[in-house]
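Chain and residue survey
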Amino acid sequence: ELKVEQNPLFLSMQEGKNYTIYCNYSTTSDRLYWYRQDPGKSLESLFVLLSNGAVKQEGRLMASLDTKARLSTLHITAAVHDLSATYFCAVVDDMRFGAGTRLTVKP
Amino acid sequence: GAVVSQHPSRVICKSGTSVKIECRSLDFQATTMFWYRQFPKQSLMLMATSNEGSKATYEQGVEKDKFLINHASLTLSTLTVTSAHPEDSSFYICSARDPGRTYEQYFGPGTRLTVT
């Protein structure tokens, strides 16, 4: 059975700092999503990574995919409070989600 | 971007009753839709994959007689929770794939079900 593991599960960081969230998965899939979820809301699509070596950036967030290592990363640069949310990765082929990383950015 | 709607956004029902949740793709035809359940502070759990014109594929451990899924048209899938119990209270989210935009997955706004 496909497993999708995220770490850390909880992340508290100060504004202006950098950090990386990791997503490991157990299949040979080469396609992965990243989503953001605010409390009480549904999911907002951040990135779709469709091949090995794919890198996408939007604002302070950058996502990458290494299909050989079965690893995706979501890097946060110079965090701001507005980035506080829960971030999920999901394998495209069967839409299984990681446990989520709850990010809190403190002033 | 493509929009997926859900109705209702919130519903409260009594134990033993049934409730239907609708998921619509508003500007594309979705041959495949997905239904998820999310408990507080947890991840999304895939319940079933709904294919237009055929029976839904349920994930292991999901009771297909309790969670009835119908995908009667290319823009509408419904989830009916039958004989609801308080433990069915959850946030239900649907998503749909636009076949014209490979691998793009659009999520509905979710339905919060409370069973009293």
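A brief look at the structure comes next.

Let us now look at the interface of chain B and chain A. Taken together, the contact pairs 20 residues of chain B with 19 residues of chain A. For the pair chain B and chain A, the interface holds 6 residue pairs in polar contact (both at pLDDT 80 or more). Listed by contribution, the elements that provide at least two residues to the side of chain B that touches chain A are strand E4 (32–38), strand E5 (44–51), strand E9 (90–97) and strand E10 (105–107) of chain B. Here the side of chain B that touches chain A is built from residues that sort into 9 nonpolar, 6 polar and 5 charged.

Here the focus is the state of the cysteines. Each disulfide consists of one covalent bond between the sulfur atoms belonging to two cysteines. Inspection of every chain in the model, using the stated rule, returns 2 disulfides over all chains. Two residues, Cys23(A) and Cys89(A), share a disulfide whose sulfurs are 2.0 Å apart. On the S-S bond that ties Cys23(A) to Cys89(A), the torsion sits near 80°, and the link is right-handed. Highlighted residues: Cys23(A) in strand E3 (residues 19–25) and Cys89(A) in strand E9 (residues 85–91), separated in sequence by 66 residues. Under the relative-accessibility criterion, Cys23(A) is labelled buried at 0%. Across the disulfide, Cys23(B) is cross-linked to Cys94(B) (sulfur-sulfur distance 2.0 Å). Between Cys23(B) and Cys94(B), the S-S dihedral sits near 80°, and the bridge is therefore right-handed.

With that out of the way, let us pick up unusual backbone geometry. In the segment running from Asn7(A) into Pro8(A), the intervening peptide bond is cis, with an omega of 0°. Looking at where Pro8(A) falls in the secondary structure, it is placed in the loop between strand E1 (4–7) and strand E2 (10–14). Here the residue pair His7(B) and Pro8(B) is connected by a cis peptide bond, since its omega of 0° sits within 30 degrees of zero. Relative to the helices and strands, Pro8(B) resides in the loop between strand E1 (4–7) and strand E2 (10–13). Although it is not a glycine, Arg70(A) sits at a positive phi angle of roughly 55°. Structurally, the position occupied by Arg70(A) is in the loop between strand E7 (61–66) and strand E8 (71–76). Here Ser83(B), not a glycine, exhibits a phi torsion of approximately 45°, which is positive. By the secondary structure assignment, Ser83(B) is in the loop between strand E8 (76–81) and E9.

Two descriptors summarise a pair of aromatic rings, namely the distance from one centre to the other and the angle between the planes of the rings. Inspection of every chain in the model, using the stated rule, returns 9 aromatic pairs over all chains. Taking 5.4 Å as the distance between ring centres and 45° as the angle between the ring planes, the aromatic pair formed by Tyr33(A) and Tyr35(A) counts as tilted. As far as the burial class goes, Tyr33(A) and Tyr35(A) line up, both buried. Measuring from ring centre to ring centre gives 5.6 Å for Phe28(B) and Tyr106(B), while their planes differ by 50°; the resulting arrangement is tilted. Taken as a pair, Phe28(B) in the loop between strand E3 (19–25) and E4 and Tyr106(B) in strand E10 lie far apart in primary sequence, 78 residues in all. Take Phe28(B): its relative accessible area is 8%, and that puts it in the buried class. Sitting above the plane of the Phe67(B) ring, Lys66(B) keeps its charged end 5.9 Å from the centroid. Residue placement shows Arg112(B) over the ring face of Phe91(B); its charged tip is 4.5 Å from the ring centre.

Residues and elements named next belong to chain B. Pairing in this open sheet of 4 strands is antiparallel, and the strands run E1-E3-E8-E7 from one edge to the other. Across the chains shown, the open sheet's two edge strands, defined by having one partner strand only, are E1 and strand E7 (67–73). Across this sheet, the average inter-strand angle for adjacent strands is 15°, counted without regard to direction. Across 4 bridges, the pairing between E1 and E3 is antiparallel. Each bridged residue has a counterpart across the sheet, and for Val 4 the counterpart in E3 is Ser 25.

Before going further, it helps to spend a moment on the environment of Lys106(A). Residue and element names in this part refer to chain A. As for its position among the elements, Lys 106 is in strand E11 (residues 101–106). Along the chain, Lys 106 and Asp 82 lie 24 residues apart, while their C-alpha atoms are 9.9 Å from each other. Those residues within four positions of Lys 106 in sequence are excluded, and the remaining contacts are Ser 12, Met 13, Gln 14 and Glu 15.

Another point: the sheet that holds E3(A). All names here are of chain A. With antiparallel pairing, 5 strands are arranged side by side in an open sheet as E1-E3-E8-E7-E6. Edge strands, defined here as strands with exactly one partner in the open sheet, are E1 and strand E6 (55–58). The average angle at which neighbouring strand axes cross in this sheet is 15°, direction not considered.

Basis of the calculations
Residues numbered from 1 in each chain as written. Chains lettered and ligands numbered in written order. Predicted model: local features only at pLDDT ≥ 70, side-chain atom pairs only at ≥ 80, totals over all residues. Heavy atoms only, no water. Contact = heavy atoms within 4.5 Å. Polar contact = N/O pair within 3.5 Å; in protein donor to acceptor, adjacent residues only side chain to side chain. Helix = DSSP H or I, 4+ residues; strand = E, 2+ residues; numbered from the N terminus. Nonpolar A, V, L, I, M, F, W, Y, C, P; charged D, E, K, R; others polar. Disulfide = S-S within 2.5 Å. Buried < 20%, exposed > 50% of the residue type's maximum accessible area, 1.4 Å probe, protein only. Phe/Tyr/Trp six-rings, centres within 6.5 Å; stacked < 30°, edge-to-face > 60°. Lys NZ or Arg CZ within 6 Å of the ring centre and 35° of its normal. Pairing = 2+ DSSP bridges. Axes fitted to C-alpha atoms, helices over the stretch in contact; angles between N-to-C directions.

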